[in-house]
Amino acid sequence: MSKHLVIDAAMKEKWPKTRVGCFQYKVRVEKKNEDMWKYLKKDIFKKAKDAIFDYGVNEIPNIKESRMAYKAFGKDPSRYRVSSEALVRRIGQGKGLYEVNTVVDVNNLISIESGFSAGSYDAAKIADELVFRVGKEGETYKGIGKDEIKIDGLPVLADAAGAIGSSTSDSERAMITEDAEEILTLVYSFSDNRDLEKAMEYGRKYLEKYAGAENIESWIVE
């Protein structure tokens, strides 16, 4: 059964352009897809470096709008970077990317190409009813490979048990391990352009080709 996601009204009020692209699919998570890394290093790294050269990181389309949304939510986007910006910055600095697993690596590929933050979650570890909202005062969670992260003012994905992830950094609760069998991948858009629709098209292809995703359902929440 596909998850049901809504965007919180208070969030929409602060940033009316907020939309979320959703993929739900079955998968066998593998350690690495060599073809994907070749494509990433040859084509996508170059594209990211060209975009940095053309715009400067802060002005790259969709990173720019995400930064503006963070300001509207009361967060300093230079201290709490949207994950797409953090990934592009790593490429620009020649640090490369972490190899995690096929699902997370494709998630990052979609994020770098689109400029949108993307998050992937183990569907078995989250409830069926989800909300995308602004983090509440004093709200925290244990980040992946990090201590408690303060998520007040950040755009966060949550269920009845609390926040699961954000467009900056995800929590440990629903992180993707090689045991995950069904995944929810979300693409967080704060732009009023058609780039989300495009990202949903190539995102589906990447998930099938590089992560072996099957039975993909995809939809956009406005």
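Quick caveat: nothing in here was measured; it's all calculated off a predicted structure.

**So, the packing of helix α4 (residues 83-92) against helix α5 (residues 102-114)**
Any two packed helices are characterised by how steeply their axes cross, that is the angle between the axes, and by the distance between the axes.
So, point 1. Relative to each other, α4 and α5 sit at 85°, their axes nearing to 9 Å. Of the possible angle classes, the one that applies to α4 and α5 is roughly perpendicular. Counted together, S83, S84, L87, V88 and I91 of α4 and N108, S111 and I112 of α5 form the full contact between these two elements.
So, point 2. Classifying every residue of the contact of α4 with α5 gives four nonpolar, four polar and no charged.

**Section: helix α6 (residues 195-211)**
So, point 1. Of all the positions in α6, only L196, E197, A199, M200, Y202, G203, Y206, L207, Y210 and A211 are classed as buried.
So, point 2. Close packing links the buried residues of α6 with β2 (19-26), α2 (34-55), α5, β9 (182-189) and β10 (214-221).
So, point 3. Among the residues trailing α6, G212 stands out with phi positive, at a value near 70°.

**Thoughts on the pattern of salt bridges**
So, point 1. Following the criterion strictly, the structure yields 22 salt bridges and no others.
So, point 2. One salt bridge in this structure joins K31 and E178, with 3.8 Å as the shortest N-O distance. Residue K31 is found in the loop between β2 and α2, and its partner E178 is found in the loop between β8 (162-166) and β9; the two are separated by 147 residues along the sequence.
So, point 3. Relative accessible area serves as the criterion here: at 44%, E178 is assigned to the partly exposed category.
So, point 4. The closest approach of N and O atoms between E113 and K47, which form a salt bridge, is 3.4 Å. A residue pair is termed long-range when its members are at least 10 positions apart, and E113 in helix α5 and K47 in helix α2 qualify at 66 residues.
So, point 5. Classification of E113 by relative accessible area gives partly exposed; the value is 21%.
So, point 6. For K47, a relative accessible area of 45% corresponds to the partly exposed category.
So, point 7. Within the structure, one salt-bridge network assembled from shared partners comprises R19, R194, E197 and E222.

**As for the pairing of strand β7 (residues 155-159)**
So, point 1. Across the five residues of β7, five count as buried, placing the element largely inside the fold.
So, point 2. Residues P155, L157 and D159 line one face of β7 and the alternating positions V156 and A158 line the opposite face, and both faces are buried.
So, point 3. Where strand β4 (residues 129-134) and β7 come together, four bridges link them in antiparallel fashion. The residue of β7 that forms the bridge with F132 is L157.
So, point 4. Where β7 lies against β8, four bridges are found, and the strand directions are antiparallel. Among the inter-strand pairings, A158 is bridged to a residue of β8, identified as A163.
So, point 5. Two successive antiparallel strands, β7 and β8, enclose a turn made up of two residues.

**Regarding the packing of aromatic side chains**
So, point 1. Enumeration according to the criterion identifies seven aromatic pairs in this entry.
So, point 2. Measuring from centroid to centroid gives 6.0 Å for F73 and F190, while their planes differ by 70°, and the two rings are edge-to-face. On the criterion of sequence distance, the pair formed by F73 in helix α3 (residues 63-73) and F190 in the loop between β9 and α6 is long-range, its members being 117 residues apart. Just as F73 is buried, F190 falls in that class too.

**A word on the packing of α2 against α5**
So, point 1. Relative to each other, α2 and α5 sit at 20°, their axes nearing to 10 Å. On the basis of their axis angle, the class for α2 and α5 is roughly parallel. Relative to α5, the crossing made by α2 is left-handed. Touching M36, W37, Y39, L40, I44, K47 and A48 of α2 are D105, V106, L109, I112 and E113, all from α5.
So, point 2. Here the contact of α2 with α5 is built from residues that sort into nine nonpolar, no polar and three charged.

What counts, and at which threshold
Residues numbered from 1 in each chain as written. Predicted model: local features only at pLDDT ≥ 70, side-chain atom pairs only at ≥ 80, totals over all residues. Heavy atoms only, no water. Axes fitted to C-alpha atoms, helices over the stretch in contact; angles between N-to-C directions. Helix = DSSP H or I, 4+ residues; strand = E, 2+ residues; numbered from the N terminus. Parallel < 35°, antiparallel > 145°, perpendicular 65-115°, else oblique. Contact = heavy atoms within 4.5 Å. Nonpolar A, V, L, I, M, F, W, Y, C, P; charged D, E, K, R; others polar. Buried < 20%, exposed > 50% of the residue type's maximum accessible area, 1.4 Å probe, protein only. Salt bridge = Lys/Arg side-chain N within 4 Å of Asp/Glu carboxyl O. Pairing = 2+ DSSP bridges. Phe/Tyr/Trp six-rings, centres within 6.5 Å; stacked < 30°, edge-to-face > 60°. Left-handed = near helix turned anticlockwise from the far one by under 90°.

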